[in-house]
2 protein chains.
Amino acid sequence: MIGANDVRAAARLLDGVAHRTPVITSRTLGEHTVLKPENLQRGGAFKFRGAYNKISSLPKGTPVLAYSSGNHAQAVALSSRLLGSPATILMPEDAPQSKLDATRGYGAEVVLYDRYTGDREAIADELAAERGAELVRPYDDPLIMAGAGTAALELLEDAGIVETLVVPVGGGGLIAGSATIAKDLGVKRVVGVEPEAGDDWKQSFAAGEIIAIDVPRTIADGLQTHAPGELTWEVASRLVDEIVTVTDQQLVEAMRFAFERLKLVIEPSGAIGLAAVLNGLVSGDRIGVIVSGGNVGAARFAELIA
Amino acid sequence: MIGANDVRAAARLLDGVAHRTPVITSRTLGEHTVLKPENLQRGGAFKFRGAYNKISSLPKGTPVLAYSSGNHAQAVALSSRLLGSPATILMPEDAPQSKLDATRGYGAEVVLYDRYTGDREAIADELAAERGAELVRPYDDPLIMAGAGTAALELLEDAGIVETLVVPVGGGGLIAGSATIAKDLGVKRVVGVEPEAGDDWKQSFAAGEIIAIDVPRTIADGLQTHAPGELTWEVASRLVDEIVTVTDQQLVEAMRFAFERLKLVIEPSGAIGLAAVLNGLVSGDRIGVIVSGGNVGAARFAELIA
């Protein structure tokens with residue numbers, strides 16, 4: 001499906017385009033825990049890595065289309081602007097104004113739909129056909145997975161020895177790419193973390209096949225997937241060692257820890273790996289944690305941490 | 001007074017002890033503006049650099065004493081713990097509980113005084129004599145200045161060409177050390193930024209001598225000094241090219257910018273250089289900005305940005 005060399009190729013492509021986010025440590029977390037703060041990435045999340053990697057592979061100027069209410073929308077909008085591709089983003093009409101504004105701010109055309117009555121995929125197919133646009137999936141695509149994996153590659157290059165890598169799990173693009181490069185580089189364990197209310201990956205691992213659940217109610221709005229992706233499952237089910245879950249309350253505590261001790265703004269989904277470590281759900285020394293994003297509105301952030 | 005080699009010596013001493021904070025960019029600020037986020041420093045501010053540099057110079061185990069309600073208190077407490085020196089910190093009894101807790105958390109003994117009736121310096125002298133403790137001044141000390149300057153040295157080493165360096169100014173330790181190394185390395189202009197309500201440096205530059213003002217009312221609690229330090233003035237008055245001022249409202253907007261775009265938690269004082277750049281008060285390409293700290297309570301932060 002994808003191999004470590006695909007992640008390395010993506011890293012070469014992203015060199016000088018994506019931020020090489022730093023690795024950071026906090027004595028409170030223990031001397032051998034390092035964080036990779038992808039909230040400091042362009043567009044505020046790791047999603048830029050995969051979107052740029054994917055859109056770069058298309059003939060120059062190819063129109064692109066994505067459906068997303070969140071970080072993927074901004075990543076596709078930003079990447080397509082940098083690469084000279086017109087972008088259409090299909091977003092639910094009740095998406096937060098800040099996310100609509102950010103996506104439009106990157107120059108994408110936003111098409112709204114009613115998420116309760118509209119069929120997102122049908123609308124997307126129709127729009128794509130009409131505009132001759134290429135659909136950029138949020139995770140179930142080898143180039144998206146490989147691009148996302150560059151976050152783990154940088155962490156492993158910059159952090160010294162990492163024995164256990166901790167990665168948020170939603171659709172599975174980040175963990176598929178990260179596990180691919182991590183296992184190639186000798187990391188012993190890859191642990192995925194998902195919201196307790198949305199444990200589709202945990203259930204899928206237990207069953208040995210993809211299990212779908214209802215769309216979960218959780219503050220981790222970036223991780224509200226109801227089933228693993230087909231391609232991400234194929235990769236991650238072979239390479240990931242364990243899935244653990246955390247509660248929304250633990251996410252809030254991790255966000256507050258990041259605010260107070262790390263001086264970082266992390267969105268609920270982005271804090272999930274940190275929450276797992278703070279709550280002792282990940283054993284072992286030399287832990288690397290990917291912090292996936294920081295896109296959260298000021299009012300919401302204030303409400304959660306204050 | 002101090003020279004570039006003092007800053008270089010401090011950098012060698014701090015190597016592996018202080019965090020080498022990253023340099024970060026934001027396209028919104030322009031391609032050639034880089035930030036040095038010292039809010040990511042140990043203790044949450046650049047102050048650790050100077051305190052550790054100073055306390056390291058004392059015979060091992062020497063008791064130390066400092067008076068501060070802010071970042072210097074935490075920096076001295078943390079440095080003295082690392083170096084095995086007992087620390088006493090004299091703090092006003094109405095200091096925020098979070099700062100009292102943080103200082104005690106680093107193992108320092110906190111002695112409270114009434115800031116309206118007590119004479120801080122007299123109490124400090126008495127305590128220091130009683131305990132055989134060395135006073136660690138917040139800025140007016142060559143080793144504190146040289147330590148602080150290592151933030152600028154790292155910025156200049158990591159950022160490529162910087163023509164203008166923008167530095168917060170309170171007591172003047174950071175700008176004295178920073179200007180010393182910056183001018184040695186060929187930086188053309190060093191610009192200090194202080195709160196409009198507390199323009200003691202600007203007035204002093206205009207007069208060509210130290211001018212004292214009333215303690216200013218500003219949300220920049222780290223910059224509420226009423227006059228330049230004697231030693232910091234001696235250095236900075238020779239090397240700094242210009243002082244500009246920003247309003248509290250501009251500080252809040254800069255904090256919000258840092259929250260939204262940079263995903264960084266910056267305290268009001270720490271945002272002052274960024275505020276100057278965002279408001280066009282610093283001309284020129286290739287600007288380096290030191291962001292001095294991020295110690296702000298959650299309730300206060302929420303109130304300011306939301």
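What counts and what doesn't
Residues numbered from 1 in each chain as written. Chains lettered and ligands numbered in written order. Predicted model: local features only at pLDDT ≥ 70, side-chain atom pairs only at ≥ 80, totals over all residues. Heavy atoms only, no water. Pairing = 2+ DSSP bridges. Helix = DSSP H or I, 4+ residues; strand = E, 2+ residues; numbered from the N terminus. Contact = heavy atoms within 4.5 Å. Axes fitted to C-alpha atoms, helices over the stretch in contact; angles between N-to-C directions. Buried < 20%, exposed > 50% of the residue type's maximum accessible area, 1.4 Å probe, protein only. Domains from an automatic or database assignment. Buried area = accessible area lost by both parts, 1.4 Å probe. Salt bridge = Lys/Arg side-chain N within 4 Å of Asp/Glu carboxyl O. Polar contact = N/O pair within 3.5 Å; in protein donor to acceptor, adjacent residues only side chain to side chain. Nonpolar A, V, L, I, M, F, W, Y, C, P; charged D, E, K, R; others polar. Least-squares fit on C-alpha atoms with pLDDT ≥ 70 in both. Expected span 1.5 Å × (residues − 1). Arc of directions from axis to C-beta. Right-handed = clockwise from strand over helix to strand, strands pointing away.

(A) Local environment of the sheet that holds strand β10 (residues 287-291) of chain A. All names here are of chain A. Read from one edge of the open sheet, 6 strands run β1-β2-β10-β7-β8-β9, paired in mixed fashion. Lying at the two open borders of the sheet, with one neighbouring strand each, are β1 (24-25) and β9 (242-246). When β1 meets strand β2 (residues 33-37), the two strands line up antiparallel, connected through 2 bridges. Directly across from Ile24, in β2, lies its bridge partner Leu35. Together, β8 (189-195) and β9 form the strand contacts of helix α8 (residues 200-207), whose direction differs from that of β9 by roughly 145 degrees.

(B) Representation of the side chain of Ser79 of chain A. Residues and elements named next belong to chain A. On the secondary structure map, Ser79 appears in helix α3 (residues 71-83). Taking the relative accessible area as the measure of exposure, Ser79 reaches 0% and is therefore buried. Sequence-distant contacts of Ser79, defined by excluding residues within four places in its chain, comprise Phe48, Ala51, Tyr52 and Ile55.

(C) Structural view of the domain arrangement of chain A. Residues and elements named next belong to chain A. Along its sequence, chain A is organised into domain 1 (4-46 + 141-305) and domain 2 (48-135). The straight-line distance from the C-alpha centre of domain 1 to that of domain 2 is 23 Å. On the domain 2 side, the residues contacting the 26 residues of domain 1 number 15 residues. Interface area for domain 1 against domain 2, summed over the two sides, is near 1,600 Å², with a carbon-plus-sulfur share of 55%. Summed over the shared surface of domain 1 and domain 2, the number is 4 salt bridges. Note that Arg49 and Glu38 form a salt bridge whose closest N and O atoms lie 2.7 Å from each other. Counting every contact that joins domain 1 to domain 2 gives 10 residue pairs in polar contact (both at pLDDT 80 or more). Listing elements by their share of the side of domain 1 that touches domain 2, those giving two or more residues are α1 (4-14) and α6 (142-158). Here the side of domain 1 that touches domain 2 takes 8 residues from α6, the largest share from any one element. Residue classes in the side of domain 1 that touches domain 2 are distributed as 12 nonpolar, 7 polar and 7 charged.

(D) Structural view of the relation of the copies chain B and chain A. Overlay of chain B on chain A (RMSD 0.0 Å): rotation 180 degrees, translation along the axis 0.0 Å. Seen this way, the second copy is the image of the first under a two-fold rotation axis. Here 100% of the interface residues in chain B have copies in chain A that are interface residues too; the copies meet face to matching face.

(E) Highlighting the side chain of Asp141 of chain B. Secondary-structure assignment places Asp141 of chain B in the loop between β6 (134-135) and α6 (142-158). What makes Asp141 of chain B buried here is its relative accessible area of 8%.

(F) Summary view of the pattern of salt bridges. One pass over the structure, following the stated rule, counts 26 salt bridges over all chains. In this structure, the salt-bridge partner of Lys36 of chain A is Glu154 of chain A, at a minimum N-O distance of 2.7 Å. Highlighted residues: Lys36 of chain A in strand β2 and Glu154 of chain A in helix α6, separated in sequence by 118 residues. In this pair, the class of Lys36 of chain A matches that of Glu154 of chain A, namely buried. When the shortest N-O distance is used, the salt bridge between Glu157 of chain B and Arg20 of chain B registers 2.8 Å. Residue Glu157 of chain B is located in helix α6, and its partner Arg20 of chain B is located in the loop between α1 (4-14) and β1 (24-25); the two are separated by 137 residues in the primary sequence.

(G) Region of the structure containing helix α5 (residues 120-131) of chain A. All names here are of chain A. Over its 12 residues, α5 extends 16 Å from the first C-alpha to the last, a length consistent with the 16 Å expected when each residue adds 1.5 Å. Residues of α5 that are buried: Ala124, Leu127 and Ala128. The buried residues of α5 occupy one face: seen down the axis, they fall within an arc of 100 degrees. Every exposed residue of α5 that faces more than 90 degrees away from the buried side is listed here: Asp125, Glu126, Ala129 and Glu130. Residues of α5 that are buried in the fold lie against β3 (64-67), β4 (87-92) and β5 (109-113). Here α5 starts with a cap whose side-chain oxygen sits 3.1 Å from the backbone nitrogen of Glu121, and that cap is Asp119. Gly132 occupies a position one or two residues after α5 and carries a positive phi of about 60 degrees.

(H) Spatial organisation of unusual backbone geometry. Phi at Lys263 of chain A is positive, roughly 60 degrees, even though this residue is not glycine. Structurally, the position occupied by Lys263 of chain A is in the loop between α10 (248-262) and α11 (272-278). The residue Arg286 of chain B is not glycine, and still its phi comes out positive at about 50 degrees. Topologically, Arg286 of chain B is positioned in the loop between α11 (272-278) and β10 (287-291). The class of Arg286 of chain B is partly exposed, set by a relative accessible area of 28%.

(I) Structural detail: the sheet that holds β10 of chain B. All names here are of chain B. Strand order in this open sheet of 6 strands is β1-β2-β10-β7-β8-β9, and the pairing throughout is mixed. The open sheet has two edge strands, β1 and β9 (242-246), and neither has a second partner. When strand β7 (residues 164-168) meets strand β8 (residues 189-195), the two strands line up parallel, connected through 5 bridges. Looking across to β8, one finds that Val166 is bridged to Val191.

(J) Structural detail: the pairing of β4 of chain A. All names here are of chain A. In terms of residue burial, β4 counts as a mostly covered element, since 6 of its 6 residues are buried. By the alternation rule, side chains of β4 split into Ala87, Ile89 and Met91 and Thr88, Leu90 and Pro92, which are all buried. When β3 meets β4, the two strands line up parallel, connected through 4 bridges. Note on β4: the bridge partner recorded for Val64 is Ala87. For the segment spanning β3, α3 and β4, crossover handedness is right-handed. Bridge analysis of β4 against β5 gives 5 bridges, and the strand direction is parallel. By the bridge assignment, Thr88 is partnered in β5 with Glu109. The β-α-β motif built from β4, the intervening helix α4 (residues 97-105) and the parallel element β5 has right-handed crossover chirality.

(K) Structural detail: the interface of chain B and chain A. The interface of chain B with chain A comprises 24 residues on the first partner and 24 residues on the second. A buried area of about 1,900 Å², summed over both sides, lies between chain B and chain A, and 66% of it is on carbon and sulfur atoms. Scanning the region where chain B abuts chain A turns up 0 salt bridges. For the interface between chain B and chain A, the tally reads 6 residue pairs in polar contact (both at pLDDT 80 or more). When contributions to the side of chain B that touches chain A are tallied by element, the ones reaching two or more residues are α10 (248-262) and α12 (298-305) of chain B. If you tally residues by element for the side of chain B that touches chain A, the top one is α12 of chain B, at 5 residues. Grouping the amino acids of the side of chain B that touches chain A by side-chain chemistry returns 14 nonpolar, 7 polar and 3 charged.

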